[in-house]
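The residues making up each chain are set out below.
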Amino acid sequence: MMRDDDDTLPLDPSEEAELLEALNAVVRPDVLTESRHQRLIDLALQEPPAEPDEAELAEAEALRKALESRGEVPEASLARALRHAVLPASELESKGAAQRALTALPRSRVALIAVATTTVLSLAAALALVLSPAEQQAVPGLAESRSLSPLFAGAQVGSESERLDRIVSVRSRELRDNRFARWGVPR
Amino acid sequence: MQLGAARVLDVSIRGVSVVAAPELEAERALIERARGGDREALGGLLRRHGPRLYRSVLLPRLGSKAAAEDALSQTYLKVVERLHAFDWQGVGFYPWLRTIALHVAIDQLRRRKRESLFGPEDLEREIDAGAPERATPELFEAHDLLRAKKRVTELLETIHPRYALAIRLRVIEDRPREAVAAELGVSAATFDVVLHRAMAALKKAMAAQPGTGTG
């Protein structure tokens, strides 16, 4: 039997299975069954859900409270069962501790924190708007022409052709991004 | 692996000898109907191109059926959301769909913890390689599949040849365990250990490459 240098990183069975599946996905890509594909298409094309009525809003509120350990509704039991089936117990415990810490805060203090956070974020957004050039606001999402000198801040690394390659690479990427943006490719 | 063929495709895909599909104009009409709110038209477009996108782009790059299906579903949602922004550029619907799928896959690779042969940077490079001028979906498919296989070849070239051989015979060519053990001149039980070490060496090789999705 052979080993190459210190070749073996720890590889547990699940990692090994994932690697095997990844290799198989390349060399023997499975086909997507027609029925499964149709299901994905139907999900994407379904009509947007209707607006909730009063009763549904009340049920949603009751579920939210139950999930925050403040009450009980049947859907909350189901949600907890799902959570326990997926997450390890230790993770659930830490989430529960965080939740308890949050609910232990007085409501007035929670409200104060929320207001303060919102205010700071609003001020930051307003400042950003004021400081942004007008052109940037006019064409959102497109990279603009600018100096590339920040690329070479500090010690100059590489030959002249390497620096040119770097400029070409950045400019090409921005050109492609702009083309994608105009093409309507969502990011 | 057919790296020579990949090079030939590279040349043709960059606009030398690629012929536009005859149904391009019909597809354009279908897109217009879909943009006008005809969900059956959009469904037709997705039914036509989705399976190719799944088997040649998403599944090989994400490495699991569940991840690829999830990415396909996300891609469709983005298509529905952004179809109004689609701008006809004379190359059909598939290149646009493929670019969206690659972006979705990049996001998924950035979030995930599981093992995968590709990293987000690999897919970014694929996008950076540029969109062909007039490639058909079939040519895209062949190109994407070859690129994925080339990635596997490159990774196997970085590990010990005996380990690479073990993976190639048992995993890629799917030969029986006993036959591969005999080929390597070891017992079946010893071969199990060799294959396990080969996979560990592959993981190490992937970890050594920046951007590869090792968890």
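Residues numbered from 1 in each chain as written. Chains lettered and ligands numbered in written order. Predicted model: local features only at pLDDT ≥ 70, side-chain atom pairs only at ≥ 80, totals over all residues. Heavy atoms only, no water.

### Points about the overall build of chain B
Then step 1. A tally of regular secondary structure across chain B gives ten helices and zero strands.
Then step 2. Counting only residues that meet the buried cut, chain B has 54% of its 215 residues in that class.
Then step 3. When the accessible surface of chain B is summed, it comes to about 9,100 Å², and 51% of that surface belongs to carbon and sulfur atoms. (Helix = DSSP H or I, 4+ residues; strand = E, 2+ residues; numbered from the N terminus. Buried < 20%, exposed > 50% of the residue type's maximum accessible area, 1.4 Å probe, protein only. Areas by Shrake-Rupley, 256 points an atom, 1.4 Å probe, with all protein chains shown as cover.)

### Focus: the overall build of chain A
Then step 1. When helices and strands are counted, chain A shows eight helices and zero strands.
Then step 2. Counting from the amino terminus, chain A carries its helices and strands in the arrangement α-α-α-α-α-α-α-α.
Then step 3. With 187 residues in all, chain A has 18% of them scored as buried.
Then step 4. Here the analysis covers contacts within chain A between residues at least 6 apart in sequence; of these, 27% occur between residues at least 24 apart.
Then step 5. Carbon and sulfur atoms form 60% of the exposed surface of chain A, whose accessible area is close to 13,600 Å². (Contact = heavy atoms within 4.5 Å.)

### Structural notes on the packing of helix α2 (residues 24-35) of chain B against helix α3 (residues 39-62) of chain B
All names here are of chain B.
Then step 1. Viewed as axis vectors pointing N to C, α2 and α3 meet at an angle of 130°, and their least axial separation amounts to 7 Å. Taken together, the axis directions place α2 and α3 in an arrangement best described as oblique. Contacts between α2 and α3 pair E27, L30, I31, R33 and A34 from the former with A41, L42, L45, R48 and H49 from the latter.
Then step 2. For the contact of α2 with α3, a count of residues per class yields six nonpolar, one polar and three charged. (Axes fitted to C-alpha atoms, helices over the stretch in contact; angles between N-to-C directions. Parallel < 35°, antiparallel > 145°, perpendicular 65-115°, else oblique. Nonpolar A, V, L, I, M, F, W, Y, C, P; charged D, E, K, R; others polar.)

### Overview of the pattern of salt bridges
Between side chains of opposite charge, a pair can form when the charged atoms approach closely.
Then step 1. Inspection of the entire model under this criterion finds 22 salt bridges over all chains.
Then step 2. Across the pair R47 of chain B and E40 of chain B runs a salt bridge, and its minimum N-O distance is 2.7 Å. (Salt bridge = Lys/Arg side-chain N within 4 Å of Asp/Glu carboxyl O.)

### Focus on the packing of helix α5 (residues 94-111) of chain B against helix α7 (residues 137-157) of chain B
Residue and element names in this part refer to chain B.
Then step 1. At their nearest, the axes of α5 and α7 sit 10 Å apart, and the two run at 30° to each other. The two elements α5 and α7 cross, and the hand of that crossing is right-handed. Seen from α5, the contacting residues are Y94, P95 and R98; seen from α7, they are P137, F140 and D144.
Then step 2. In the contact of α5 with α7, the residues fall into four nonpolar, no polar and two charged. (Left-handed = near helix turned anticlockwise from the far one by under 90°.)

### Here we look at the interface of chain A and chain B
Then step 1. Taken together, the contact between chain A and chain B spans 48 residues of the former and 65 residues of the latter.
Then step 2. Together, the buried faces of chain A and chain B total about 5,500 Å²; carbon and sulfur atoms form 64% of this surface.
Then step 3. Taken together, the links from chain A to chain B amount to three salt bridges.
Then step 4. As a salt-bridge pair, R36 of chain A and E69 of chain B come within 2.4 Å of each other at their nearest N and O atoms.
Then step 5. Taken together, the links from chain A to chain B amount to ten residue pairs in polar contact (both at pLDDT 80 or more).
Then step 6. Taken together, the residues of the side of chain A that touches chain B sort by class into 24 nonpolar, six polar and 18 charged. (Buried area = accessible area lost by both parts, 1.4 Å probe. Polar contact = N/O pair within 3.5 Å; in protein donor to acceptor, adjacent residues only side chain to side chain.)

### Here's the deal with the confidence of the model for chain B
Residues and elements named next belong to chain B.
Then step 1. In the predicted model, chain B carries a mean pLDDT of 84, and 84% of its residues have values of at least 70.
Then step 2. Scored below 50 in pLDDT, residues 1-19 makes 30 contacts in the model with residues more than four places away or belonging to other chains.
Then step 3. The complex prediction reports pTM at 0.63, with the ipTM value standing at 0.74. (pLDDT = per-residue confidence, 0-100.)

### Observations regarding helix α4 (residues 65-82) of chain B
Then step 1. In a regular helix each residue adds 1.5 Å, so 18 residues correspond to 26 Å; α4 of chain B covers 25 Å between its end C-alpha atoms and thus fits that length.
Then step 2. Turning to α4 of chain B, its buried residues number three or more, namely A67, A68, E69, A71, L72, S73, T75, Y76 and V79 of chain B.
Then step 3. Of the surrounding secondary structure, the elements contacted by the buried residues of α4 of chain B are α2 (34-45) of chain A together with α3 and α5 of chain B. (Expected span 1.5 Å × (residues − 1).)

### Considerations on the environment of A34 of chain B
Then step 1. Residue placement: A34 of chain B occurs in helix α2.
Then step 2. With near-sequence residues (within four places) excluded, A34 of chain B lies in contact with A41, L42, L45 and L83 of chain B.

### Here's the deal with the packing of aromatic side chains
All names here are of chain B.
Then step 1. The final tally for this structure, using the stated rule, is five aromatic pairs over all chains.
Then step 2. Ring centres of F86 and W96 lie 4.9 Å apart, and the angle between their planes is 80°; this geometry places the pair in the edge-to-face category. Taken together, the positions of F86 in the loop between α4 and α5 and W96 in helix α5 put the pair ten residues apart, joining distant regions of the chain.
Then step 3. Taken together, the ring pairs connect F86, W88, F93 and W96 into an aromatic cluster.
Then step 4. Against the face of Y94 rests R52, its NZ or CZ located 6.0 Å from the ring centre.
Then step 5. The ring centre of F118 lies 5.9 Å from the NZ or CZ of R151, which sits over that ring. (Phe/Tyr/Trp six-rings, centres within 6.5 Å; stacked < 30°, edge-to-face > 60°. Lys NZ or Arg CZ within 6 Å of the ring centre and 35° of its normal.)

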